[in-house]
Amino acid sequence: MSNRPYVIGVGMTKFEKPGSRDWDYPDMALEAGTKALQDAGIPYDAIEQAFVGYCYGDSTSGQRAVYGLGLTGIPVVNVNNNCSTGSSALYLARQAVRGGLAECALALGFEKMEKGSLGVKYTDRTNPIDKHAIAMMELRSPEPSPPAPQMFGNAGREHMERYGSTADHYARIGHKNHKHSVNNPYAQFQEEYSLEDIKAAKMIHEPLTKLQCSPTSDGSGAAIVASERFVDEHGLGDQAIEIVGQALVTDMPSTFEERSCISIVGYDMSREAARRAYEEAQLGPEDVQVIELHDCFSANELITYEALGLAEEGHGHELIDAGDTTYGGRWVVNPSGGLISKGHPLGATGLAQCSELTWQLRGTADARQVEGAKVGLQHNIGLGGAAVVTVYRPAGAA
């Protein structure tokens, strides 16, 4: 029997504004992990390895996070890949199962964040995105806006100058994702804003207003990955979702050599990860119905349409004009509300995306359900840099 990897259980907490709820990361992890175990219908002692992701915390926070689930002596690996941490943990869990090293593995991610824009934690050592910042400053003069929206906002400006997208296209992405999250009980924001509200919000870094930027968030997500044999032995075929393709790609020479703000924020990583994931899955964007995409800023959602092959380079904004990225269109992108509206606790984001796609492909996403969802696509990226693209399909689907 093959070692085909399946997601058999998922769970997550509601994402919250930092400090708005009296909880700590072990509480978050216990809630998400317990939900995933209950969803799979298995005890914690069935887990053979655990990969626990977070960006802010001490060195063995991963172990402390899962102690509430059980003390079984299994290997626990702490994972940090910036904003793609959650899907990097998922990648490792899948790798363990696919390689025959484990029949059942847990990927868990959490974050307890500070309020406000992300800043530099350690000033006595090299910043891991120093090369990205230097490359950007060679192209555009620094501005007083926070670093992350400045980098992604500059990518949006470059797309506008090169290809004719407008500030309105980016605002419409923010509008779409906030509208989607109204139906997501796990989302940090569940209020629908008008397009004028999106445009009139505080400008963070043109063309990005506050309602086109992901917030800092607290929360956790979890996924359990198991082998085909484990699925069969436990009778989980009706709920198992196969990971049919997945790739993790880090920065390449083109990130810095192309002298492009779009390349600096990971376009080339995303495009290559998508190519590899599609190739392994033997599927393409035309086979996909539902997508969870890393919209840390609306500018990144637009350029990633092109990296994932939904549109040719330079034509991503035409999908927005055609209504092709929401209900009734060719794809539904970020039915969860995405990072912009669901929230973005860095270590949990990739596993929240996995949870959403699992529910969508099971047909259990309630008011968010994408009709006829048979193939799901996940994109998660972190500067510094790593992009993970994953393709999902229900067990037994042809």
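These lines cover the structure that appears in this document, whether it is placed above or below. The structure presented is a predicted model; accordingly, all values stated were derived computationally and were not measured.

1. What about helix α3 (residues 85–98)?
- The first and last C-alpha atoms of α3 sit 20 Å apart over 14 residues, in line with the 20 Å expected at 1.5 Å per residue.
- Among the residues of α3, Thr85, Gly86, Ser87, Ser88, Ala89, Leu90, Ala93, Arg94, Ala96 and Val97 are the ones counted as buried.
- A positive backbone phi angle near 80° is found at Gly100, which sits one or two residues after α3.

2. Observations regarding the sheet that holds strand β3 (residues 76–79)
- Ordered in space as β3-β2-β4-β7-β1-β8-β12-β11-β9-β10, the 10 strands form an open sheet in which the pairing is mixed. This sheet does not close on itself; its edge strands, each paired only once, are β3 and β10 (332–333).
- Two elements, strand β2 (residues 49–53) and strand β4 (residues 104–111), share five bridges in a ladder whose sense is parallel. Of the residues in β4, the one forming a bridge with Gly53 is Gly109.
- Here α3 sits on the sheet and contacts β2, β3, β4, β7 (219–226), β8 (241–250), β11 (376–382) and β12 (386–394); the angle it forms with β8, its principal contact strand, is near 120°.
- Across the sheet, helix α15 (residues 349–362) lies against β1 (6–12), β4, β7, β8, β9 (290–292), β11 and β12, angled at about 115° from β1, the strand it touches most.

3. Remarks on the layout of surface pockets
- Of the volumes computed, that of the second largest pocket is approximately 230 Å³.
- Arg172, His175, Lys176, His180 and Thr326 are the residues nearest the centre of the second largest pocket, which is lined by 15 residues in total.
- The leading source of residues in the lining of the second largest pocket is helix α6 (residues 167–181), at six residues.
- Residues that form the lining of the second largest pocket fall into these classes: five nonpolar, six polar and four charged.

4. Looking at the nonpolar core
- Ranked by size, the top nonpolar core spans 49 residues in total, and within it Ile291, Tyr305, Leu308, Leu377 and Val391 carry the most contacts.
- Excluding residues that lie within four positions of it along the chain, Ile291 makes contacts with Leu308, Leu310, Trp331, Val332, Val333, Asn334, Pro335, Leu357 and Leu377.

5. Thoughts on the pattern of salt bridges
- Going through the model one piece at a time under the given rule, you end up with 24 salt bridges.
- Between Arg259 and Glu138 there is a salt bridge whose closest N-O contact spans 3.6 Å. Within this pair, whereas Arg259 is found in the loop between α9 (254–257) and α10 (261–264), its partner Glu138 is found in helix α4 (residues 130–139), the two being separated by 121 residues in sequence.
- Taking the relative accessible area as the measure of exposure, Arg259 reaches 49% and is therefore partly exposed.
- Close ionic contact of Arg276 with Glu272 constitutes a salt bridge, the shortest N to O distance being 2.8 Å.

6. A word on the packing of aromatic side chains
- Inspection of the entire model under this criterion finds four aromatic pairs.
- Between the aromatic rings of Tyr54 and Phe110, the centroid separation amounts to 5.1 Å while the plane-to-plane angle is 15°, which identifies the pairing as stacked. In this pair, Tyr54 is assigned in the loop between β2 and α2 (61–66) and Phe110 in strand β4, connecting sequence segments 56 residues apart. The two residues Tyr54 and Phe110 agree in class, both being buried.
- Look at Tyr186 and Trp359: their rings are 5.4 Å apart centre to centre, the planes differ by 15°, and that puts the pair in the stacked class. Here Tyr186, found in the loop between α6 and α7 (195–200), pairs with Trp359, found in helix α15; they are 173 residues apart in sequence, far enough to count as distant.
- Residue Trp359 is classed as buried on the basis of its relative accessible area of 12%.

Cut-offs and rules
Residues numbered from 1 in each chain as written. Predicted model: local features only at pLDDT ≥ 70, side-chain atom pairs only at ≥ 80, totals over all residues. Heavy atoms only, no water. Helix = DSSP H or I, 4+ residues; strand = E, 2+ residues; numbered from the N terminus. Expected span 1.5 Å × (residues − 1). Buried < 20%, exposed > 50% of the residue type's maximum accessible area, 1.4 Å probe, protein only. Pairing = 2+ DSSP bridges. Contact = heavy atoms within 4.5 Å. Axes fitted to C-alpha atoms, helices over the stretch in contact; angles between N-to-C directions. 1 Å grid on protein atoms, 1.4 Å probe; cavity = no way out; pocket = protein on both sides within 12 Å on 5 of 7 lines; lining within 4 Å. Points joined across faces, edges and corners; volume = space filled by probe spheres on them. Nonpolar A, V, L, I, M, F, W, Y, C, P; charged D, E, K, R; others polar. Core = buried A, V, L, I, M, F, W, Y, C linked by side-chain atoms within 4.5 Å. Salt bridge = Lys/Arg side-chain N within 4 Å of Asp/Glu carboxyl O. Phe/Tyr/Trp six-rings, centres within 6.5 Å; stacked < 30°, edge-to-face > 60°.

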